[in-house]
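The residues making up each chain are set out below.
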Amino acid sequence: MNTLAGLLNEPPVAIESPELDAVREPSDATASPADWVHEEQIQGLVQQLFFQGESRVRHVGFTGVEAGADTAQLCLNVATTLAEGGAYDVGLIDAGLQSVPLHSQLEIEPDGDVDGALALGPRLWLVPRSNWLGGSTTQRIWDPSLSRLRAATMEFDHSVVAFDSLSWVTARISQICDGLVLVLTANKTRRLAAVQVREQLKRARVPVLGVVLAERHFPVPERLYRSL
Amino acid sequence: MTLRNVAQQMQSDSVAQQNLLRSTKASEEDYLLYRRKREEARIGDALDERHILNVVVVEPPVAPALPVHPLTFWFVVGLGLATTAGITAGFAGEYFDSTIRTPEEARNVLEVPVLAWLPASPKPATGAVLLRIHRRREVIP
């Protein structure tokens, strides 16, 4: 297994993503209003999170309040938007312990060693969990693993850390970040559960940088919305 | 007194007797009527005291040939009731729903800024997302 320090000095592992060649980005004419809103919101999130305020945030974790909240795609979108500018090295770091590996969730097939950092694009890397987890298990996180994870985040100008849904393990690992963003699922996350999570993070002294409300539904059907 | 006088006297008395008999009979009928009424009143009072309904079918019911209200009336009434019930159910559902639905709710409940809200949409392919960077690189090397 590669050590993290030397990981990024090595040439990145090439990835094969079947969609990369096959899928074409939808043009503005075919993109739905939901796509526009989605892209606009992600850009706003990146702007607010990383480039506003006096204390610049560099390393941010994303965690869902609900079990099964899909943070992987959100993290990829945020990391991609950050990397699009071309001004920063951005790391998308898999810090989930219970869920399916991030590269599998994103349907990215690494060509060769899965422990190495995967180059997703210019100045954008994905660091799989096997890279920093070492001897730790999903139930017990050793300090060396946390050190490796912290070192992994520090290798990049900005890092987007994808966590599992919130638990005490997540709260412990999230200490390596500048703060956490809570991902709420609209019409699913209960107010009481969200408040309890907020209190737990407060007790664990993990800063909550903000929330993202995902899976929001609108009463107006898209076809009707287009005709308005 | 002559016989003629006696006969006239008897005729006169006979008329008086007839009057008296009629008067007696009328008084007797009145008496019986009053007594029957009094008995009915007494029975009525007794039933009222025991809360027993004292009803009499005056006229047996007859099914009307035409409905009292037309179908349109019932349609309008039904529509009104359905609308009211629907609106009530909607408000009740909103009131008792304990989930977070809007960014404002999230902000008020958690007291942290809402950085973004994302519409529910089909999950975009990873390749399509990554392609943005590659295209950008082609345009801005």
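In this text the structure is predicted, and so the values were computed from the model without any measurement.

Enquirer: Talk me through the overall build of chain A; I want residue IDs and the actual numbers.
Expert: Within chain A, the regular secondary structure consists of ten helices and nine strands. Within chain A, the fraction of its 228 residues that count as buried is 50%. Carbon together with sulfur atoms contributes 51% to the accessible area of chain A, which is approximately 10900 Å² in total.

Enquirer: Summarise the environment of Ala79 of chain A; cite the residues concerned and give the values.
Expert: Residues and elements named next belong to chain A. With respect to the helices and strands, the residue Ala79 is situated in helix H4 (residues 72-84). Residue classification places Ala79 among the buried residues on the basis of a relative accessible area of 0%. Between the C-alpha atom of Ala79 and that of Leu92, which follows or precedes it by 13 residues, the distance is 6.3 Å. Dropping the residues within four chain positions of it, Ala79 is found in contact with Val90, Leu92, Leu124 and Val160.

Enquirer: Go over the sheet that holds strand E2 (residues 59-64) of chain A, please, and point to the residues and values.
Expert: In space, the eight strands of this open sheet follow the order E5(A)-E6(A)-E3(A)-E7(A)-E2(A)-E8(A)-E9(A)-E1(B), with mixed pairing throughout. Looking at which strands have only one partner, the edges of the open sheet turn out to be strand E5 (118-121) of chain A together with strand E1 (114-119) of chain B. Along the sheet, successive strands turn relative to each other by an average axial angle of 20°, direction set aside. In the sheet, E2 of chain A pairs with strand E7 (residues 158-162) of chain A via four bridges, with the strands oriented parallel. In the sheet register, Val60 of chain A faces E7 of chain A, and the bridge partner there is Val160 of chain A. Contacts from helix H7 (residues 143-154) of chain A reach E2, strand E3 (90-94) and E7 of chain A, with the element oriented near 155° to E3 of chain A. Lying on the sheet, helix H9 (residues 191-203) of chain A is in contact with strand E8 (179-185) and strand E9 (208-216) of chain A; it crosses E8 of chain A at an angle near 170°.

Enquirer: Which residues make up the packing of H9 of chain A against helix H3 (residues 103-110) of chain B, and what values go with them?
Expert: Two quantities define a packed helix pair, namely the angle between the axes and the distance from one axis to the other. Two elements in contact, H9 of chain A and H3 of chain B, have axes separated by 10 Å at closest approach and are oriented at 45°. On the basis of their axis angle, the class for H9 of chain A and H3 of chain B is oblique. By crossing handedness, the relation of H9 of chain A to H3 of chain B is classed as right-handed. Facing H9 of chain A, whose interface residues are Arg191, Ala194, Val195 and Arg198 of chain A, H3 of chain B presents Glu105, Val109 and Leu110 of chain B.

Enquirer: Tell me about unusual backbone geometry, residues and numbers included.
Expert: At Arg123 of chain A, a residue that is not glycine, the phi angle is positive and equals roughly 65°. Residue placement: Arg123 of chain A occurs in the loop between E5 and strand E6 (124-127). Although it is not a glycine, Glu111 of chain B sits at a positive phi angle of roughly 60°. By relative accessible area, Glu111 of chain B is classed as exposed at 68%.

Enquirer: How would you explain the packing of aromatic side chains if you had to name every residue and give the values?
Expert: Applying the stated rule across the entire model yields five aromatic pairs over all chains. When the ring of Phe50 of chain A is compared with that of Phe51 of chain A, the centres are 6.3 Å apart and the planes differ by 50°; the resulting orientation is tilted. Put simply, the rings of Phe50, Phe51 and Tyr88 of chain A pair up and form one aromatic cluster. Taking NZ or CZ as reference, Arg216 of chain A lies 5.0 Å from the ring centre of Trp117 of chain B, over its face.

Enquirer: Explain the pattern of salt bridges to me, and be specific about the residues and the numbers.
Expert: Pairing is possible between side chains of opposite charge, provided their charged atoms come close. In total, this model carries seven salt bridges over all chains according to the counting rule given. With a closest N to O distance of 2.9 Å, Asp89 of chain A and Arg123 of chain A form a salt bridge. Of this pair, Asp89 of chain A sits in the loop between H4 and E3 while Arg123 of chain A is found in the loop between E5 and E6, placing the two residues 34 residues apart along the sequence. For Asp89 of chain A, a relative accessible area of 22% gives the class partly exposed. On the basis of relative accessibility, which here comes to 30%, the residue Arg123 of chain A falls in the partly exposed class. Residues Arg42 of chain B and Glu39 of chain B are paired through a salt bridge, measuring 2.6 Å at the closest nitrogen-oxygen approach.

Enquirer: Any chance you could break down the nonpolar core for me, citing the residues and the numbers?
Expert: Counting 36 residues, the largest nonpolar core has Ile173, Leu184, Leu201 and Val211 of chain A as the members making the most contacts within it. For Ile173 of chain A, the contacting residues outside a window of four places in its chain are Ala95, Leu97, Trp132, Ile141, Leu146, Leu149 and Phe163 of chain A. In this structure, Val57, Phe62 and Leu76 of chain A together with Ala116 of chain B belong to the second largest nonpolar core, which totals 34 residues.

Enquirer: Explain the confidence of the model for chain A residue by residue, including any values.
Expert: Model confidence for chain A is summarised by a mean pLDDT of 79, while 79% of its residues fall at 70 or above. Segment residues 1-27 of chain A is flagged for pLDDT under 50; beyond a separation of four residues in sequence, or across chains, it makes 60 contacts in the model.

Enquirer: Can you explain the side chain of His38 of chain A? Please cite residues and give values.
Expert: With respect to the helices, strands and loops of the structure, His38 of chain A is situated in helix H3 (residues 33-51). Residue classification places His38 of chain A among the buried residues on the basis of a relative accessible area of 16%. Setting aside residues no more than four positions away along its own chain, His38 of chain A makes contact with Asn77 of chain A together with Leu118, Pro119 and Ser121 of chain B.

Enquirer: Give me the lowdown on H3 of chain B, citing residues and values where you can.
Expert: By the burial criterion, the buried members of H3 of chain B are Pro103, Glu105, Ala106 and Leu110 of chain B. All buried residues of H3 of chain B project into a common sector of 160° when viewed along the axis, lining one side.

So, how was this worked out
- Residues numbered from 1 in each chain as written.
- Chains lettered and ligands numbered in written order.
- Predicted model: local features only at pLDDT ≥ 70, side-chain atom pairs only at ≥ 80, totals over all residues.
- Heavy atoms only, no water.
- Helix = DSSP H or I, 4+ residues; strand = E, 2+ residues; numbered from the N terminus.
- Buried < 20%, exposed > 50% of the residue type's maximum accessible area, 1.4 Å probe, protein only.
- Areas by Shrake-Rupley, 256 points an atom, 1.4 Å probe, with all protein chains shown as cover.
- Contact = heavy atoms within 4.5 Å.
- Pairing = 2+ DSSP bridges.
- Axes fitted to C-alpha atoms, helices over the stretch in contact; angles between N-to-C directions.
- Parallel < 35°, antiparallel > 145°, perpendicular 65-115°, else oblique.
- Left-handed = near helix turned anticlockwise from the far one by under 90°.
- Phe/Tyr/Trp six-rings, centres within 6.5 Å; stacked < 30°, edge-to-face > 60°.
- Lys NZ or Arg CZ within 6 Å of the ring centre and 35° of its normal.
- Salt bridge = Lys/Arg side-chain N within 4 Å of Asp/Glu carboxyl O.
- Core = buried A, V, L, I, M, F, W, Y, C linked by side-chain atoms within 4.5 Å.
- pLDDT = per-residue confidence, 0-100.
- Arc of directions from axis to C-beta.

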